[in-house]
Amino acid sequence: MRIHITLDGQSVITREGDMLVDVAASNGVYIPTLCYVRGKPCLGTCRTCSVRVNGNIMAACTIPVSDGMEVEVNEPEVTDMRKALVELLFSEGNHNCPSCEKSGRCELQAVGYEVGMMVSRFPYKFTPRTRDYASNALWLERDRCIFCQRCVEMIRDKETGQKIFSIESRGTQATIEIDVELANRMPPEQVREAAELCPVGCIIEKSLGFNDPIGKRKFEIKSIRERALERVDK
Amino acid sequence: MRHYQLHLEDADLISYKSKVLFVDATKAADVESFRIEKMASKMDFSFSSHAISIPAIMATCQQCFDRVPQVHLLTIRGYAWELEQGMTPAAQRNLMTATEYFRNESCASGM
Amino acid sequence: MSRKLVIDPVSKIEGHGKVIVYMDDDNQVTDAKLYVAEFRGFEKFVQGHPYWEAPMLLQRICGICFVSHHLCGAKALDDMVGVGYSTGVQMLPTPEKMRRLGHYMQQLQSHVTAYFYCIVPEMLFGMDAPPQQRNVVGLVEADPELVKRVVALRKWGQEGIKAVLGKRMHGINSVPGGVSQNLDQAARDRLINGEEGLISLDDVIEYAQDGLKVFKDFHAKNRAEVDAFAEVPALNMSLVNDEGNVDYYHGDIRIVDKDKNIVEQFDYHDYLDYFSEATEEWSYMKFPFLKSLGREAGSVRVGALGRLNVTKSYEHNCPLANAALEEFHDYTGGKANDMTLHTNWARAIEILHSAEQIKVLLSDPDLQKDQLVITPADNAWIGEGVGVVEAPRGTLLHHYRADKAGNITFANLIVATTQNNTVMNRTIRSVADAYLGGKEQAEITEGMMNAIEVGIRAYDPCLSCATHAMGQMPLVITLLDADGKLIEEKIR
């Protein structure tokens, strides 16, 4: 059903039930995302896509549009709130872009640039996190995990459908874990898929890094904003 | 072009330009919001391994390349300088006022 | 009762230093120490990271000779994965030449900066000229044409580094067993032919000779002073190729004495068998020395002067540098050159050599070939690697160990400034002695301070990267009166 919504004051005609984040992109309005993968079930974990819907703050990847909806994306207070969320991720983990092999193709880094983050307003926690390198082909650099849960939900054992990644404990104790036995059964293309799916440099392929030269990395070729906006299905 | 510091090489960079605007934050209390001033070359011997002044850059440009562009300096008042802090709301306002002023000015003058 | 004189800080070297000169009651200089009160801790915080990240992280030690650190680390990684000169799997020609090109670009850039920005003004205006004049800006007024050429040279060097490593600073090109990109034809042609605002390779070769001319003029006018300034003994060390000539990227470590006799020559992988490192409570910087000779006799000099003392000649394909080298060697008649200020002569020759080698490499079609990485089988994994290169400041060593999973468990860095630690202190002592020794009134004059700075700067030390932590971080707090005499000193 065709409906009207208001997007930053502009009236937009769209289809009822489409996800707000996609509707915005189709209409040229970029909303940063980190956990969301277009075409996959929403996770709603990172909240980076927060916008104001009818006066309330909501995650745009979790909201199906409905008629008469009033949406504010680039309103200063909301914009700053999204920026604060990204800053929190940088404060909570230990993100060292200069020596990270994901630099230039890291979604967190790219979104950091998009929201105009220079430095986090929150104190850095420098949480000690241990790395996990027990599986044959993958390395978990936990310093960089943002608990988006993409890997938890979207990477599963081919045979049994079991989850390979999981999050143990809660709150500040939470850690990303890998089932080594299942991980060692992953075919090479799934290993690659997991590393590419990770929006940060947490899941990385062993012995492979810095293979793309500077200037030819994913977000150096085309920004995350351009990539989000070009996949429109008008 | 964005730098964290000026270099002697910037003399070479500006030698290809006709108009140059340097933008920097300032602590100067007599700058209420922002200030635009025309700069003149002067070899003020301000060089150290990590800093050099705009007049010295201009003088170097003149000496080495026999020409110097029209140079203006836009200084915007800031209030807090620690690394963890972002811009203060007052500095943010000053930046916006300066940007706005400059946008109008450049439209009017065709810069 | 002994007394101390304190000079602080030493300007124009990267990082901060503090000098203390020790004197006895007869106003004789008994010792001199360059204090290093900075600590960076890179060796510790690379631990626990994947091995392939080490050269990326560790190159951040320095904003000047980052390519050297990057390449030194890359060579250690080659070892770790089983690509090496001593094993079956050999590095391919394209990556090796790309790395060498980056290395010479770095050498050119670093030497041009140190030499023209800091050292040439001292030569032209004299070491006692006012500090405002005694730098590259002073040079702008005195010789604008030279400055223009230096700026153009540095810009070209920066563009060269960017073309090879992707960025002007802290770029990334080397990966274990190779490089991530070659040099395409367009980038090569741009560097060879230049463009508006970028000089050509021929200009680079021509401008690279300026430094040598400046030194020779200066030397001709001030021969006695230059030669007598801090002539201090030390062994000389450099990487050498099979012919026993300097190889800036790879080779054996060779150490020669004052008669240029070989004292030691060894595969750098065995450095721990040959070198010990002494520590002192007053400095974070260690003092390496040859085990066979002990601390005093076994300290080496590295860098431009050390290398030119070791090498017999350069490659045949760099005629200008070879001619300059021959003249340099003739000056000391077959003996090693111990004259500290001749380091600047050596540096000027190395500028020219780098430029000529860059020319050779840029005309090599291997740089456009596509075989960039060689990956040995998993069972070739060694898990330990040592890399050594001749960085602008001298022999640089990275040594890493990783566990089976690739997790770095150990890192050791010996940077050139650390190797030069003892010889720098000897230099300072020699200068201080020339100004103070036996004088009735021991006084820190402006001239003496300048001379000590000149002596230290000859080594172009990068103090912060030369430091290691040993135990608790001690603090030395010194209070001075207006005359530079010690009032109080507190030591933690």
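Residues numbered from 1 in each chain as written. Chains lettered and ligands numbered in written order. Predicted model: local features only at pLDDT ≥ 70, side-chain atom pairs only at ≥ 80, totals over all residues. Heavy atoms only, no water.

Enquirer: Teacher, can you tell me more about the overall build of chain B here?
Expert: Summing up its helical and strand segments, chain B has three helices and three strands in all. In chain B, the order of α-helices and β-strands from amino to carboxyl end is α-β-β-α-β-α. Counting the 111 residues in chain B, one finds 37% classified as buried. Taking as baseline every contact in chain B between residues at least 6 positions apart, the subset at least 24 positions apart corresponds to 68%. In the form shown here, chain B has an accessible surface area of approximately 6800 Å², with 54% of it arising from carbon and sulfur atoms. (Helix = DSSP H or I, 4+ residues; strand = E, 2+ residues; numbered from the N terminus. Buried < 20%, exposed > 50% of the residue type's maximum accessible area, 1.4 Å probe, protein only. Contact = heavy atoms within 4.5 Å. Areas by Shrake-Rupley, 256 points an atom, 1.4 Å probe, with all protein chains shown as cover.)

Enquirer: Mind showing me how you'd approach the sheet that holds strand S5 (residues 70-72) of chain A here?
Expert: Backbone hydrogen bonds are what pair the strands of a sheet, in a parallel or an antiparallel way. Residue and element names in this part refer to chain A. Taking strand neighbours across the sheet as the criterion, the five strands line up as S2-S1-S5-S3-S4 in an open arrangement whose pairing is mixed. With one partner strand each, in any of the chains shown, strand S2 (10-15) and strand S4 (56-59) form the two edges of the open sheet. Each strand axis lies, on average, 40° off the axis of its neighbour in the sheet, ignoring direction. With six bridges connecting them, strand S1 (residues 2-7) and S2 associate as antiparallel partners. Note on S2: the bridge partner recorded for His-4 is Ile-13. Those strands touched by helix H2 (residues 76-92) are strand S3 (50-53), S4 and S5, and its axis lies near 150° from that of S3. (Pairing = 2+ DSSP bridges. Axes fitted to C-alpha atoms, helices over the stretch in contact; angles between N-to-C directions.)

Enquirer: Help me understand the domain arrangement of chain C, please; the structure alone is not making it clear to me.
Expert: By a widespread convention, an interface's size corresponds to the accessible area lost as its parts come together. All names here are of chain C. Segmenting chain C into domains produces domain 1 (3-38 + 420-491) and domain 2 (86-231 + 339-367). Each partner contributes residues to the interface: domain 1 has 13 residues there, and domain 2 has 17 residues. Together, the buried faces of domain 1 and domain 2 total about 1200 Å²; carbon and sulfur atoms form 56% of this surface. Our count for the contact surface shared by domain 1 and domain 2 stands at one salt bridge. (Domains from an automatic or database assignment. Buried area = accessible area lost by both parts, 1.4 Å probe. Salt bridge = Lys/Arg side-chain N within 4 Å of Asp/Glu carboxyl O.)

Enquirer: Where do I start with helix H4 (residues 93-125) of chain C in this structure?
Expert: Three- or four-residue spacings in an α-helix give side chains the same orientation, since the helix completes a turn every 3.6 residues. Residues and elements named next belong to chain C. With 33 residues, H4 extends 46 Å from end C-alpha to end C-alpha; this agrees with the ideal 48 Å at 1.5 Å per step. Most of H4 is tucked away: 29 of the 33 residues are buried. Phi turns positive, to about 90°, at Gly-126, one or two residues after H4. (Expected span 1.5 Å × (residues − 1).)

Enquirer: Looking at this model, I keep getting lost on the packing of helix H3 (residues 66-81) of chain C against H4 of chain C. Mind explaining?
Expert: All names here are of chain C. It is the contact of H3 with H4, at a shortest axis distance of 9 Å, that shows an interaxial angle of 155°. On the basis of the axis angle, H3 is roughly antiparallel to H4. In this structure, H3 crosses over H4, and the sense of that crossing is left-handed. Touching Phe-66, Val-67, Ser-68, Leu-71, Ala-74, Lys-75 and Asp-78 of H3 are Arg-99, Gly-102, His-103 and Gln-106, all from H4. When the residues that make up the contact of H3 with H4 are grouped by side-chain class, the tally is four nonpolar, four polar and three charged. (Parallel < 35°, antiparallel > 145°, perpendicular 65-115°, else oblique. Left-handed = near helix turned anticlockwise from the far one by under 90°. Nonpolar A, V, L, I, M, F, W, Y, C, P; charged D, E, K, R; others polar.)

Enquirer: Any chance you could explain the interface of chain A and chain C here in plain terms?
Expert: With 22 residues of chain A in contact, the opposing surface of chain C contributes 21 residues. Contact with chain C buries surface across chain A, with Trp-139, Phe-210 and Ile-214 of chain A losing the most and accounting together for 35% of the total. Counting every contact that joins chain A to chain C gives one salt bridge. Among the ionic pairs, Glu-53 of chain C bridges to Arg-144 of chain A, the shortest N-O distance being 2.9 Å. Our count for the chain A to chain C interface comes out at four residue pairs in polar contact (both at pLDDT 80 or more). Taken together, the residues of the side of chain A that touches chain C break down into nine nonpolar, five polar and eight charged. (Polar contact = N/O pair within 3.5 Å; in protein donor to acceptor, adjacent residues only side chain to side chain.)

Enquirer: How should I be thinking about the sheet that holds strand S14 (residues 408-414) of chain C in this particular structure?
Expert: Residue and element names in this part refer to chain C. Strand order in the open sheet made by the three strands is S12-S13-S14, with antiparallel pairing throughout. Unpaired on one side and paired on the other, strand S12 (384-391) and S14 mark the two borders of the sheet. Pairwise comparison of adjacent strand axes, ignoring direction, gives a mean angle of 10° for this sheet. Strand direction decides the pairing type here: S12 and strand S13 (residues 394-402), joined by eight bridges, are antiparallel. Residue pairing across strands places Val-389 opposite Leu-396, the latter belonging to S13. Along the sheet, H3 contacts S12 and S13; its crossing angle with S12, the most-contacted strand, is approximately 150°.

Enquirer: When you look at the side chain of Asn-322 of chain C in this model, what are you seeing that I'm missing?
Expert: Residues and elements named next belong to chain C. With respect to the element layout, Asn-322 can be found in helix H14 (residues 319-331). Looking at Asn-322, the relative accessible area reads 18%, which means it is buried. A polar contact of 2.8 Å, which involves the side chain of Asn-322, links it to the backbone nitrogen of Tyr-314. Sequence-distant contacts of Asn-322, that is, excluding residues within four places in its chain, are made with Ser-313, Tyr-314, Glu-315 and His-316.

Enquirer: Just to check I follow, could you spell out the environment of Phe-22 of chain B for this structure?
Expert: Inspection of the secondary structure puts Phe-22 of chain B in strand S1 (residues 19-26). Here Phe-22 of chain B is in contact with Leu-6, Ile-14, Ile-54, Val-71, His-72, Leu-73 and Leu-74 of chain B, once residues within four sequence places are set aside.

Enquirer: I would appreciate a short explanation of helix H15 (residues 342-362) of chain C in the present structure.
Expert: In a regular helix each residue adds 1.5 Å, so 21 residues correspond to 30 Å; H15 of chain C covers 30 Å between its end C-alpha atoms and thus fits that length. Most of H15 of chain C sits out of view: 19 of its 21 residues are buried.

Enquirer: I tried to follow the packing of helix H2 (residues 54-65) of chain B against helix H6 (residues 144-165) of chain C on my own but got confused; where do I start?
Expert: Packed helix pairs are characterised by how far apart their axes lie and by the angle those axes make with each other. For the pair H2 of chain B and H6 of chain C, the least separation of the axes is 8 Å and the interaxial angle reads 105°. Judged on the interaxial angle alone, H6 of chain C and H2 of chain B are roughly perpendicular. Contact with H2 of chain B, carried on its side by Gln-63, Cys-64 and Phe-65 of chain B, involves Pro-144, Val-147 and Lys-148 of chain C of H6 of chain C and no other residues of that element. Partitioning the contact of H2 of chain B with H6 of chain C into residue classes produces four nonpolar, one polar and one charged.

Enquirer: Could you clarify how one ought to interpret the pattern of salt bridges in this entry?
Expert: Where charged atoms from two side chains of opposite charge come close, those side chains can pair. In total, this model carries 51 salt bridges over all chains according to the counting rule given. With a shortest N-O distance of 2.9 Å, Glu-114 of chain A and Arg-225 of chain A are connected by a salt bridge. Here Glu-114 of chain A is found in helix H3 (residues 107-114), whereas its partner Arg-225 of chain A is found in helix H8 (residues 224-230), with 111 residues between them in sequence. One salt bridge connects Arg-307 of chain C with Glu-390 of chain C, and the closest N-O pair in it is separated by 2.9 Å. With Arg-307 of chain C in helix H13 (residues 304-310) and Glu-390 of chain C in strand S12, this pair connects stretches of sequence that are 83 residues apart. Look at Arg-307 of chain C and you get buried, because its relative accessible area is 0%. A residue is classified by how much of its surface remains accessible, and Glu-390 of chain C, at 0% relative accessible area, is buried. Residues participating in the shared-partner salt-bridge network are Arg-52, Glu-72, Glu-75 and Glu-77 of chain A.

Enquirer: Would you mind showing me how to read the packing of aromatic side chains here?
Expert: Aromatic ring pairs: the centre-centre distance and the angle between the two ring planes describe each pair. Applying the stated criterion across every chain yields a total of 14 aromatic pairs over all chains. Between Phe-34 of chain B and Tyr-101 of chain B, the ring centres sit 5.3 Å apart and the planes meet at 50°, which makes this aromatic pair tilted. Placement of the pair is Phe-34 of chain B in strand S2 (residues 34-38) and Tyr-101 of chain B in helix H3 (residues 89-109), with a sequence separation of 67 residues. The class of Tyr-101 of chain B is partly exposed, set by a relative accessible area of 36%. Here the aromatic rings of Tyr-331 of chain C and Trp-345 of chain C are separated by 5.6 Å at their centres, their planes lie at 75°, and the arrangement is edge-to-face. Of this pair, Tyr-331 of chain C sits in helix H14 while Trp-345 of chain C sits in helix H15, and the two are 14 residues apart along the sequence. (Phe/Tyr/Trp six-rings, centres within 6.5 Å; stacked < 30°, edge-to-face > 60°.)

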